[in-house]
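# Structural description and commentary
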Amino acid sequence: MKKPSAKVAGLLLAACLVVSGASSAARGSAGIVPGKLTCEYQTDPSVVDAQHPRLSWINTAAAGLRGQEQRAYQIEVASTEKALRDGMADLWNSGKVKSPQSTLVKYAGKPLQSRETCWWRVRVWDGKGNVSAWSEPARWNMGILDPSEWKCRWIGAPWQGEESLEALSQDVPPPAPLLRKSFGVDKEVASAYFYGTGLGYFELYMNGEKVGDDVLAPNQTNYGKRPGLEKRGIPVEDNFREYRVMYVGYDVTDRVRRGENVLGAILGNGFYNAKIHWVMAFGSPRFFGELHITYADGTQDVILSDGSWKASESAIVSDGVYSGEHYDARREQPGWCAPGFDDSAWQPVALRKAPEGKLVAQNGPPDRVMERLEPVKIEKLGEGRYKVDFGQEISGWLHLKDVEGAPGQKIDIRYICESPVGSNSYTMKGGGPESYHTRFTWYVFREVELSGWPGELRPEQVTAEAVYSDVATTGCFECSNPLFNTINRIWWRSQTDNMHGSVASDCPHRDVRPIRATGRSRV
């Protein structure tokens, strides 16, 4: 075989060096690498309404390296992921900034617009002046920056007025409202995003499915002034610097289709319409939202909550954050939030007054089902009666799965706890396997007693779902003493049990005292 000439060999060597150099540049030569990017303390937040969002990252040293430091950083922000990866930072390029700062760096680029999506990345220089590779891209979505941009209306159930349960001297709330709006789409959709909220709690549905994996949304706040609060024995003057109502954002691009589409919501009372002697409620449940659709041709549509929506009663016959929840599956309306449903028997919604609080983007982690516990012991107490032990106390609810029984068969669920946590029941519709869990309250329990269970209870038919704010556990403790390890685990559980709506309370029983604390607990 003929050997390549010296000239050809030189060209091959130069090409290899170029490829090697490019690969090295892509990896970076710094001893640290930025990762775990957050915006306003959140990972890829779905809605941010700060004009200058604060960006943070965590530097990680390469294996075996110690004593590393950041001497400088560079941030790029672009309007699309492609532009960012191509190095086209059309919103902001910070340039090389000599600073060790890696937390809460304020965005300082072009003025941000409502509903804008921002993609960003960062690279850093270590103590020796070596630069890292770019981080993986992260993103945030802007919310509604100017209150005058909101065009939707607050709506609610026509069988309810503005008044709270307390104002009506009513102990048992009416069934939770179902709300729906049908609309058509006849073009290719580029993006679709929902901005809105429901008070006290709400679940959003689109084309037959629940949107998002959050629960007990939105996070509770002080929604507005309450006349007469000073006479209630609550040791707080009703004169806060600001009152707020939080809204959320959902990307529903993959749910919109050509033809008929349906947007729906279920409303729960939550803390907005709570009924108990140490709480003063605000009013009846209400909903507020906008769905912004951008088409491939650049045109837009906005679906608003307004008087054109329709309402009906749901199978949640009553719900109270303190009193509990009761569900009658015989009242279900299959397909209520899907195209093709006949809503001719539904009523027009009622327009509602806006809460006094300022609409702000939800700025803390939502509640989610964070853990699922299987039974560790099942004890039969009698015909249709069982006690189920899940091994540890949680705040959350029981999830019933694939239960079969006759129409009208009522399963009572008693959560065994040192304090009252509200009641819970499920009435079956019959005709096949049924599943259920609570939506608009939570309970504190390790054990539950079931009454009215049809047939023999199988372990796979009951799961305890731990519900709390999606806050990361960033540290750990472990030692050679099992008792200390157990105490630490109990402390951790106390923290998660007490965290709902991004608020650390002093008791997981929906905070059974009118004063919130900072997570003190008992072991």
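The following refers to the structure shown. (Residues numbered from 1 in each chain as written. Predicted model: local features only at pLDDT ≥ 70, side-chain atom pairs only at ≥ 80, totals over all residues. Heavy atoms only, no water.)

### Overview of the overall build of the protein
Per the secondary structure count, the protein includes three helices and 33 strands. Here the protein holds 523 residues, and 48% of them are scored as buried. For the protein, the proportion of contacts with a sequence separation of at least 24, taken over those separated by at least 6, is 76%. When the accessible surface of the protein is summed, it comes to about 25,300 Å², and 52% of that surface belongs to carbon and sulfur atoms. Between the mean site of the 62 positive side-chain charges and the mean site of the 64 negative ones, the protein shows a separation of 6 Å. (Helix = DSSP H or I, 4+ residues; strand = E, 2+ residues; numbered from the N terminus. Buried < 20%, exposed > 50% of the residue type's maximum accessible area, 1.4 Å probe, protein only. Contact = heavy atoms within 4.5 Å. Areas by Shrake-Rupley, 256 points an atom, 1.4 Å probe, with all protein chains shown as cover. Lys, Arg positive; Asp, Glu negative; His and termini not counted. Charge placed at Lys NZ, Arg CZ, Asp CG, Glu CD.)

### So, the pattern of salt bridges
One pass over the full model with this rule turns up 27 salt bridges. Residues arginine 85 and glutamate 136 are paired through a salt bridge, measuring 3.5 Å at the closest nitrogen-oxygen approach. A residue pair is termed long-range when its members are at least 10 positions apart, and arginine 85 in helix α2 (residues 81-85) and glutamate 136 in the loop between β7 (117-126) and β8 (138-141) qualify at 51 residues. Given a relative accessible area of 47%, arginine 85 falls into the partly exposed group. (Salt bridge = Lys/Arg side-chain N within 4 Å of Asp/Glu carboxyl O.)

### Describing the environment of aspartate 497
Along the chain, aspartate 497 falls in helix α3 (residues 482-497). Given the relative accessible area of 4%, aspartate 497 is considered buried.

### Let's talk about a nonpolar patch on the surface
On the surface, Phe477, Leu483, Phe484 and Ile487 cluster together into a nonpolar patch covering about 390 Å² of accessible area. Of note, leucine 483 is situated in helix α3. (Patch = residues over 30% accessible without salt bridge, like charges linked within 9 Å, V, L, I, M, F, W, Y side chains within 5 Å.)

### Observations concerning the sheet that holds strand β6 (residues 105-106)
Across a sheet, paired strands are connected by hydrogen bonds in the backbone, their directions being either parallel or antiparallel. The strand order β1-β2-β6 describes an open sheet built from three strands, whose pairing is antiparallel. Where the open sheet ends on each side, the last strands, each with one partner, are β1 (32-39) and β6. (Pairing = 2+ DSSP bridges.)

### Some details on the nonpolar core
With 66 residues, the main nonpolar core has Phe390, Leu398, Leu400, Tyr415, Leu450, Trp453 and Val462 as its most contacted residues. Every element with two or more residues in this core is listed here: β11 (189-199), β12 (201-206), β14 (244-251), β26 (385-403), β27 (410-416), β30 (443-451) and β31 (462-469). Broken down by element, this core gets its largest block of residues, eight residues, from β26. Beyond its immediate sequence surroundings of up to four residues, leucine 398 is in contact with Phe390, Ile413, Tyr415, Tyr436, His437, Phe445, Val448, Leu450, Val462, Thr463 and Ala464. (Core = buried A, V, L, I, M, F, W, Y, C linked by side-chain atoms within 4.5 Å.)

### Considerations on the pairing of β27
Across a regular strand the side chains alternate sides, sitting on one face of the sheet and then on the other. Residue alternation in β27 divides its side chains into a buried set, Ile411, Ile413 and Tyr415, and an unburied set, Lys410, Asp412, Arg414 and Ile416. Two successive antiparallel strands, β27 and strand β28 (residues 423-427), enclose a turn made up of six residues, where glycine 422 displays a positive phi of approximately 95°. Across five bridges, β27 lies against β30 in antiparallel orientation. By the bridge assignment for β30, isoleucine 416 is matched with glutamate 447.

### Here's the deal with the packing of aromatic side chains
Evaluated as defined, the whole model comprises 26 aromatic pairs. Here the aromatic rings of phenylalanine 194 and tyrosine 250 are separated by 6.4 Å at their centres, their planes lie at 20°, and the arrangement is stacked. One end of the pair, phenylalanine 194, is in strand β11; the other, tyrosine 250, is in strand β14, with 56 residues separating them in the sequence. We classify phenylalanine 194 as buried; its relative accessible area is 1%. Geometrically, the ring pair formed by phenylalanine 271 and tyrosine 322 is edge-to-face, given 6.1 Å between the ring centres and 90° between the ring planes. (Phe/Tyr/Trp six-rings, centres within 6.5 Å; stacked < 30°, edge-to-face > 60°.)

### Describing the pairing of strand β18 (residues 310-313)
One ladder, built from four bridges, connects strand β10 (residues 177-185) with β18; its direction is antiparallel. Within β18, the residue paired with leucine 179 across the bridge is alanine 311. Of the pairings in the sheet, the one linking β18 to strand β21 (residues 347-348) comprises two bridges and is antiparallel in character. Following the sheet pairing, lysine 310 is matched in β21 by proline 348.

### Here we look at the sheet that holds β10
One open sheet holds the six strands; their spatial order is β13-β12-β15-β10-β18-β21, and the pairing between them is antiparallel. Edge positions in the sheet fall to β13 (209-210) and β21, since each has one partner strand and no second.

### Notes on unusual backbone geometry
The step from leucine 199 to glycine 200 runs through a cis peptide bond, and the omega angle for that step is -5°. With respect to the helices and strands, glycine 200 occurs in the loop between β11 and β12. A cis geometry characterises the amide bond from alanine 217 onward to proline 218, with omega recorded as 0°. Inspection of the secondary structure puts proline 218 in the loop between β13 and β14. The phi dihedral of aspartate 44 is positive, around 45°, even though this residue is not glycine. Aspartate 44 sits in the partly exposed class, given a relative accessible area of 39%. Backbone geometry places aspartate 402, a non-glycine residue, at a positive phi of 50°. Along the polypeptide, aspartate 402 turns up in strand β26. Residue aspartate 402 is classed as partly exposed on the basis of its relative accessible area, which comes to 46%.

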